Structures are given as C-alpha cells and as structure tokens.
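Inside the fold
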Amino acid sequence: MNKIFSLANIQANKNCKIISVEGGYGIIKRLDAMGIKEGKIIRKISSQPMRGPVLLEINGSQIAIGYGMAGKIIVEEEE
Amino acid sequence: MKVLLMGNPNVGKSVLFSRLTGANVIISNYHGTTVEFTKGIMQISKKTIEIIDVPGTYSLDPSSSAENVAVEMFEQGNIIINVIDATNLERSLYLTLDILKKNKAVIIALNMWDEAKHKGIKINVEKLEELLGVPVIPTCALTGEGIKKLTDRLQEAVNPAFEFDDKWDKIGSIIDKVQVITHRHHTILERIADASVIPITGIPIAITVLLLCFWLIRFVGESLIAYVFEPLFETLWLPLMMRLSNLLGNSGILHDIIIGKLIDGNIEFMESMGVLTTGIFVPIGAVLPYIIAFYFILSLLEDFGYLPRLAILVDVLMHKVGLHGLGIIPMMLGLGCNVPGALSSRILETKRERFIASTLLAIAIPCMAQIAMVIGLVGKYGIKGLSCVFITLFIVWILIGIILNKFVKGRSPEIFTDIPPYRIPHIKTVIKKVWMRSKWFLKEAVPYVLLGVFVVNILYTLGIFNMIGKVFAPIITGIFGLPKEAVGALIIGFLRKDLAIGMLVPLHLNLKQLIISSVILTMYFPCVATFVVMIKELGFISMLKSVGIMIIATVIVGGFLNLVL
Ligand SMILES: Nc1nc2c(ncn2[C@@H]2O[C@H](COP(=O)(O)OP(=O)(O)OP(=O)(O)O)[C@@H](O)[C@H]2O)c(=O)[nH]1
Ligand SMILES: [Mg+2]
C-alpha cells in the first residue's frame, strides 16, 4: 500500500494517482471539467511558499490551483 | 445565419475568427484574452454569414462573467464551430459533448494541428469524425492551414443524435480509439517554463523580466521620441504652425484657440495650449511613442505566455488585496490604458473581485498616456521624483487593497486556471497587435485631447477656471499645497489625464508639487472613458462607492504627501 497525501503536501515532480477529490459540489464539478478526477495520473510541478498555488500537470497540460483546493485532492504516489 | 466559435480558452478561436472574417481582434497566449463577443461577416458562395467570436469556456456552466458571455451567446447561434485543441483533446471533448447534447448544428475545427504534430500526438481524424457524428477538420489557424476546408464543409454541420451515460467514460473510449501519443523529451521552452514557476528560480526570473521590461519601454520610448517624433515635430510641424500663427496675426481669440499663446515669440508645444499645437503634440509627440513601446513589450510577454506564470508567483500577494493571481492581468493591461484593464477584470469569478480590481485599477494604476507625461515632466529632476510618484502609488494600491479586502462583502475564490505552454511570439501577430492598440489609442485620445484643449481655452477666457479655483483653493492650496491654478488640470483630468499633466507645465511647479499633483491626478477620479466602462461593468451603486473611495483616498494621500515631503 502506498502512502497517501494531499496534493498540497506531496513532493513536487513525482507522478501520482488521484484517489479522491473531496470538497463541495461546485469545486468537484469545476475540477471535473478540467479532467481532475479519481483515477487520473498527475504530477505536481511546483508550489509557492506561504500556502501559495500549486501547479500540476495532467494529460500534458498545466493547471494552477489554489492551496486550499490542492488540499482536497487526495493522491497516492506511483512507482 | 449566425455562426458561433465556441471552445475552451486559448485554443485559437480569435485567430480563427480573424482568418475567417478578416477582422482584427486581440490574440494572446493566455486564457481570457477575449472577454466580449465580436461579430464579423464572412461570404461563402455568395451567402453572407455572421460569425461571432466569444470568450472561451470549459463547460456550458459558466464560472466567470467572461464565460457567461459565451454561454449567453451560445443560445443565439445557428451553427456552432467548436474549436478544439489537438494537443489537449481529452479536455476539449468535455465541452464538445456538452455542445453535442444541445440542439445545434455542430462542426469541429481541430486546431493547433501543427503543435500536436510536434508534440508527438497522432489523432485519427476520420475515426473521430465517425465517432462524434459531425465533421472534424484539422486546422492550424496561425498559418491558415485547413481554413478553406472548414468553410467548404460548413454546410455539413449537423446535430447528431448523440447518446452517452458517463461523460468521462465516453471521452475515454473515444480517446482510446483515435489518439496515439509517442513519448518525447522535454524541450528547452518547457524547461524554461518550469523554471519560471519554481520559487527559487521563478522569483529572480520575474524580477529580471520586469526590470528589463521597464528599461526596454523607456529605451524604446525615448529613442522613438529622439529619433522619430521630435524631429518630425521640430522640422515639419513647427514651421507650418509658425506660418499659420503669422497668418492669424500672432494673437487674438482665434489664434489662441488654434495656435495658443506664444512664449517669447515662439510656439512651445507643451505650453502654448492651442488645438493644433499642444492638442496634437500631447497625444502624438509625447504619448504615442511610449504607447508603442509599452504595447510592443506587453505583446511579447502576452504571446510568450508569461502573464499566467507571473500570476502564479504573485498569487499570495494578490490574496492580501482580495484577489487571486490572475488579478495581475487587469493591472498589467491597465498600465497601457485603464479601459481594457477594467474590461479584463471579467476574467475574475466574483463580483467582489471585480469591484476590488476595478477600484484598485482606477485609483492606483496610471495609464501609459499619463505615465509618459509624468516621465517627461517629473523625469527632468532625475529618478528620485519618479520613484517617489510610483512607490507612493504602489503603497496606495496595497493599503487600499487591504482595506477593501477587509470590508467588501462577498467571496474571493482561489486561483484556478490553465497555464498555456510557452510559445515563441509570432512576430506578425505582435506587430499587428501593437498597430491595433496604437490605432485604438489615437482614436480615443486625439478627439478628447483636442476637445480638452478647446475647453481649456474657453473656460480660461471666460474666467471659469479662476472662479472654481477660488472656491476650491482651501483644498488645493490648503491641503495639497498646490497653486489654485492647478484646478484647471483637475478639471481637464476628467477628460484626459495626459493633457491634465501637460497643463501643469506652465505653472512651473517645484518637484514636491509635481509629485503631489502627479499622484492626485492618478487617484482622484478615472478619466471619462474608464468611468463609462466601470459604470457598465460594476453598476451605478458600486461605481458610486468606488468613486467615494477614490476621493477620500486622494485627500488623505495628497495631504499626507504635502506634510511629509
Ligand atoms: N501553434 C499554433 N498556435 C496557435 C494556433 N492557433 C492559435 N495559436 C496560438 O494560441 C494562442 C491563443 O490564441 P487565441 O486566438 O487568442 O485563443 P482564444 O481561443 O481566442 O482564447 P480566449 O480568447 O482567451 O478564449 C495564441 O498565442 C495563438 O498565437 C495554431 O493553430 N497553432
Ligand atoms: Mg479569443
């Protein structure tokens, strides 16, 4: 069993798989429209200090999301 | 018949639009370039077709007021050209499936075909067409490849009976059947892109880029003035005006309106205040060179794709003023002209953010026209005076932002945006964009400045400036420490801020007074063009509040500067 993190606190530059997206209906729907949902492989590219936004890569394109939202995306590391 | 270009942000809808209609629209490499709809006309086999370019959207369920525009327009379209991004097929199809479920005839432009090839993405177009049941045409809007085919097949647009249970399952199964991706290494652009958003490298890069931009704008602006505009005015326009001045008898009301006052027997473009001297010189001789320089640099930044990355880096700071990182985009555009700046606040999601963004913009972001004049006037005293003006405005921006963030009701969501890849700016697009924006500036500025100069002469002759000056002397002299004649500049500032700064020239102010008047002229009220846009965007009541904040802040800041400088 791999360790489980939220996207906000996982290390950058590791591929990981989304195991769930928490949060309200609105957030889930917006993330869903961008393809961020359960089962997807994503990679965190960078995060900013002081709870700044997280940049992630999914399907070869990049999306910036706030720290709070990143905390709601639960992922596990892929080997 | 109405044809609508619908698609995700930044997929090339506006490029396609200008290809189809020949109309010029602004194109840049970030999401949210288009915030209004633009209509254009196209002829296909003798039929006239109306084409509409709209803002990009991820779904038919809008989350910003720009997306709202798109979804509202969607209802009006007869045919939808769904522009999708071949390098990001999966996400693009999310909106496509939404569209196919509605009762509209659809045709798909599979754009960025060239980039997909470079990225090693292969898409089986016939198969995609068969699976979706609508025509799919690969295009490269930038070069025009595939456009002919798109227009030829426009009549084939259909509304397929399209059924599915789970959207992502359906998309997954389509992708499996049509797309093959071959792995490839990171390109150098991708590495620079990553370096610009990792804090240790990103912050030094941002500082370097911004300083370089300031330096370049000043360098290009000054060179244009020294080698192009000044010689033109001195050797061509001045002799012509001198001759006209003689013809008009060197004085009299008509002479004063057209040529202005002679100073030691000469025309001084900055001081004479004639319609054909100062009125022409301010927008064209003094401001236009900086407008060209600014938009040249801004366009490079936009087309390279730097702005959204800057947004990531400043996100934390922007949250202090109640915005998220993308709030930097209205501010950057506002430095050119507050009008497009205020419009671009539409890319922000909530009313609260749009109120804060436009208020901050109107209070503390001087437009390039005003900056150019301030550089000309205050810059004579060296860098100290200029830094004083701009640092004051920056502090005002932050303080008022913090206060607004505390007291304005509503919600400021987190940043949530697509970050486009870096692209090498297409030089023709850049030049076209600079040309469009400069032309737009001249169209906006010249009539208002001419009118302004005319009004100045009338009000001056009738003694109205003098009257108002006496009434407001307690504020202007008492609080701001300026001569009461400065009231003229404050009145004309409602019309054009550049001309207002120009009106300070004959007053021979000292450095302290120049700094104070440059700051209060930025803050006290937006120019009429911005004012109109803000009323439209914010509504009357919010605009009233915004104006109240501006006036109070001006009195406090102006008075404070007068005390401490
Ligand atoms: N390589 C390549 N670049 C393209 C193509 N079409 C557009 N671009 C670039 O993609 C970027 C976005 O183009 P726009 O036309 O502004 O995109 P848009 O869909 O109107 O974007 P919004 O108005 O923000 O929704 C620009 O930098 C274009 O130069 C294409 O076919 N190939
Ligand atoms: Mg556009």
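Residues numbered from 1 in each chain as written. Chains lettered and ligands numbered in written order. Predicted model: local features only at pLDDT ≥ 70, side-chain atom pairs only at ≥ 80, totals over all residues. Heavy atoms only, no water.

Across its full length, chain A holds two helices and six strands. Each helix and strand of chain A, placed in order from N terminus to C terminus, yields the pattern β-β-α-β-β-β-α-β. Here the C-alpha radius of gyration of chain A, 11 Å, is about what a compact globule of 79 residues would show, namely 12 Å. Overall, the C-alpha framework of chain A stretches about 30 × 30 × 20 Å when taken along its three principal axes. Taking all 79 residues of chain A together, the buried fraction comes to 48%. Looking at chain A alone, contacts between residues at least 24 apart form 60% of all its contacts between residues at least 6 apart. Once the 11 positive and 8 negative side-chain charges of chain A are each reduced to a mean point, those two points are 7 Å apart. (Helix = DSSP H or I, 4+ residues; strand = E, 2+ residues; numbered from the N terminus. Rg over C-alpha atoms; globule rule 2.2 N^0.38 Å. Buried < 20%, exposed > 50% of the residue type's maximum accessible area, 1.4 Å probe, protein only. Contact = heavy atoms within 4.5 Å. Lys, Arg positive; Asp, Glu negative; His and termini not counted. Charge placed at Lys NZ, Arg CZ, Asp CG, Glu CD.)

Residue and element names in this part refer to chain B. A sheet is described by the order of its strands in space; here six strands give the open sequence S2-S3-S1-S4-S5-S7, paired in mixed fashion. Here the strands that pair on one side only, and so sit at the sheet edges, are strand S2 (38-44) and strand S7 (136-138). The average undirected angle you get between the axes of adjacent strands in this sheet is 25°. By the bridge criterion, four bridges tie strand S1 (residues 2-7) to strand S3 (residues 47-53) in an arrangement that is parallel. Across the sheet, residue Val 3 finds its bridge partner in S3, namely Ile 51. Each of S1, S3 and strand S4 (79-85) touches helix H2 (residues 65-74); the most contacted strand, S1, lies at about 140° to it. Across the sheet, helix H3 (residues 89-101) touches S1, S4 and strand S5 (105-111), and the angle it forms with S4 is around 165°. (Pairing = 2+ DSSP bridges. Axes fitted to C-alpha atoms, helices over the stretch in contact; angles between N-to-C directions.)

This brings us to empty space enclosed by the protein. All names here are of chain B. One pass over the structure, following the stated rule, counts three cavities of 30 Å³ or more. Estimated volume of the largest cavity: approximately 250 Å³. Taken together, 24 residues make up the lining of the largest cavity; nearest its centre are Cys 337, Asn 338, Cys 367, Arg 496 and Cys 527. Here the lining of the largest cavity gets four residues from one element, more than from any other, and that element is helix H18 (residues 427-461). For the lining of the largest cavity, the residue count by class is 16 nonpolar, five polar and three charged. (1 Å grid on protein atoms, 1.4 Å probe; cavity = no way out; pocket = protein on both sides within 12 Å on 5 of 7 lines; lining within 4 Å. Points joined across faces, edges and corners; volume = space filled by probe spheres on them. Nonpolar A, V, L, I, M, F, W, Y, C, P; charged D, E, K, R; others polar.)

Residue-level contacts link 26 residues of chain B with 31 residues of chain A. Taken over both partners, the interface formed by chain B and chain A buries close to 2,500 Å², and the fraction arising from carbon and sulfur atoms is 55%. Its largest share of buried area at the contact with chain A, chain B owes to Trp 168, Glu 414 and Phe 416 of chain B, together 27% of the area lost on that side. Joining chain B to chain A, the criterion identifies three salt bridges. Linking Lys 40 of chain A and Glu 90 of chain B is a salt bridge whose minimum nitrogen-to-oxygen distance equals 2.4 Å. For the pair chain B and chain A, the number of links is 16 residue pairs in polar contact (both at pLDDT 80 or more). Counting residues per element, the ones that place at least two in the side of chain B that touches chain A are H3, helix H12 (307-320) and strand S9 (416-419) of chain B. The greatest single-element share of the side of chain B that touches chain A, amounting to five residues, is contributed by H12 of chain B. Here the residues of the side of chain B that touches chain A are counted per class, giving twelve nonpolar, four polar and ten charged. (Buried area = accessible area lost by both parts, 1.4 Å probe. Salt bridge = Lys/Arg side-chain N within 4 Å of Asp/Glu carboxyl O. Polar contact = N/O pair within 3.5 Å; in protein donor to acceptor, adjacent residues only side chain to side chain.)

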